[in-house]
Amino acid sequence: MKQVLIIGGGAAGLMAAVSAAQHGAKVTILEKMKGIGRKILITGKGRCNLTNSCDISELVKNMPGNGSFLYSAFHAFSNLDSIEFFNQAGLPTKVERGGRVFPVSDQAKDVIKAFARQLAKLDVAVKLGQPVKKLIVENGRAVGAATMDAEYRADAIIVTTGGASYPGTGSSGDGYRLAEAIGHTIIPLKPSLVPLEVEEEWITELQGLSLKNVTATIICDGKKVADEFGELLFTHYGLSGPIILSLSKKVAELFVTTPGKEVTIEINLKPALSMEILDKRLQRDFTKFAKKQLKNSLHELLPSKLIPVVIDLSFIDADKFVHQITKEERSRLLNVLQHLTFTISQTRPVTDAIVTAGGVSTKEIDARTMESKVVNALFFAGEVIDIDGYTGGFNLQAAFSTGYVAGKYAAT
Ligand SMILES: Cc1cc2nc3c(=O)[nH]c(=O)nc-3n(C[C@H](O)[C@H](O)[C@H](O)COP(=O)(O)OP(=O)(O)OC[C@H]3O[C@@H](n4cnc5c(N)ncnc54)[C@H](O)[C@@H]3O)c2cc1C
């Protein structure tokens, strides 16, 4: 019976353990925290968006970080396989908007329980509170791992230590150091799916405001780079929410590829309306509220927190009566409504990102088996690899697919 050692009991490690055991191996997981799957517990706001119901080509498209590397793994263990696995492990699932798959119970902790049941059934040994400090390689072959006070030997090792985001969950970038120490190339880490900080201090006035159905456009050095339509959130330091997180990878890249260039984000508060139609809409409101002050006339168009900000940015006296507003002032107002602009000072750090981009180079991993091309009998799975996806269940699916494949080939 082959001995397989798994470093890290998160999404990828747990699936790798199940897969390796199902393929006949004796499996041990070394997990540094006091419990398995700490990050899973906080996924999907505690509900765990465990995969997406789209087809495989869409899974690949939703992994902007080396999606094509995952093609084979997604085929070997697809989103449908994940759903079937969880259903058979006693965790019924449901599909929500955008194909997002959640446990019917809406409880991420039930995902951990489902894994725990499978591990027990397959007789997997789980050793908690065991941070691995070193991988042991002899004659070009991985033969074990060392913690502070013990050495574990095995026929194959799977590194599933996750990324460097939310280090409180245990994923604090250890895997990069472990892999680099034995000759792997680490692609520089960047935050992906991360909030953005802006220079405009008055953004604090908008803190807590969430906007639906808006468009955000990233502009670098005067050129449009990317845009997204959907929901965003104002925070005390800048911007967050689904469309900001999706755009953040591009922003992080711009800061690296075009240092010193100004990066701005333009929010169109009324993207469904052309400038002309929005103008007509504004004129209708102005006729309706002709005897009111401007500050009291925009509540049908904008959330109350935005009204003083938009008026201020349009350089109009908020106390002015609507019937006194000039055409030029109206035009400035329209411009702000469709081009509310912020200068991005930086992304939040990688520790605040939902996902870490960068990591063990995919060029040094066999995409079919997840085995290292540098060290024999060494496998990688999950976020420790240079892969990253959008929100929607894609990152966990990537962890499950690569975990399954690594487990299978480590065992066989
Ligand atoms: C707030 C938040 C919400 C998210 N929501 C979703 C979502 O709804 N859907 C989705 O698809 N993705 C989501 N993600 C992303 C997803 O959680 C990760 O991509 C996924 O967990 C990566 O799996 P992994 O197994 O590679 O790493 P992890 O799940 O991070 O697991 C790594 C494990 O390795 C352990 N470890 C680390 N170093 C060592 C060491 N030296 N020795 C022993 N053990 C070690 C860690 O303690 C940890 O248990 C979210 C992420 C965050 C931060």
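Refer to the structure presented above.
What comes next concerns the included structure. (Residues numbered from 1 in each chain as written. Predicted model: local features only at pLDDT ≥ 70, side-chain atom pairs only at ≥ 80, totals over all residues. Heavy atoms only, no water.)

Quick word on the overall build of the protein chain
Scanning the protein chain for helices and strands turns up twelve helices and 19 strands. With respect to the three principal axes, the spread of C-alpha positions in the protein chain is 85 × 45 × 35 Å. Counting all 412 residues of the protein chain, 55% fall into the buried class. Across the protein chain, every contact between residues at least 6 apart in sequence was considered, and the portion connecting residues at least 24 apart equals 72%. When the accessible area of the protein chain is evaluated, it comes to approximately 17800 Å², of which 51% is carbon and sulfur surface. (Helix = DSSP H or I, 4+ residues; strand = E, 2+ residues; numbered from the N terminus. Buried < 20%, exposed > 50% of the residue type's maximum accessible area, 1.4 Å probe, protein only. Contact = heavy atoms within 4.5 Å. Areas by Shrake-Rupley, 256 points an atom, 1.4 Å probe, with all protein chains shown as cover.)

Let's talk about the sheet that holds strand 10 (residues 156-159)
As summarised here, the arrangement of the five strands in space is 6-2-1-10-19, forming an open sheet in which the pairing is parallel. Two strands bound the open sheet, and with one partner strand each, they are strand 6 (125-127) and strand 19 (378-380). This sheet shows a mean twist of 20° between the axes of neighbouring strands, independent of strand direction. Pairing geometry for strand 10 and strand 19, over three bridges, is parallel. The residue of strand 19 that forms the bridge with Ile-157 is Leu-378. (Pairing = 2+ DSSP bridges. Axes fitted to C-alpha atoms, helices over the stretch in contact; angles between N-to-C directions.)

What to know about the site of the ligand
Neighbouring the ligand are 34 residues; Ala-12, Glu-31, Asp-174, Glu-383 and Leu-396 lie closest to it. A distance of 2.9 Å separates a nitrogen atom of the ligand from a polar backbone atom of Val-132. Taking Thr-160, its main chain carries an N or O atom lying 3.4 Å from an oxygen atom of the ligand. Computed on the free molecule, the ligand has an accessible area of 1000 Å², of which 95% lies beneath the protein chains in the complex. Secondary structure elements with two or more residues in the shell around the ligand: helix 1 (11-22), helix 2 (38-42) and helix 12 (394-411). In terms of residue count, the dominant contributor to the shell around the ligand is helix 12 (four residues). Of the residues belonging to the shell around the ligand, the class tally is 13 nonpolar, 16 polar and five charged. (Near = heavy atom within 4 Å. Polar contact = N/O pair within 3.5 Å; in protein donor to acceptor, adjacent residues only side chain to side chain. Nonpolar A, V, L, I, M, F, W, Y, C, P; charged D, E, K, R; others polar.)

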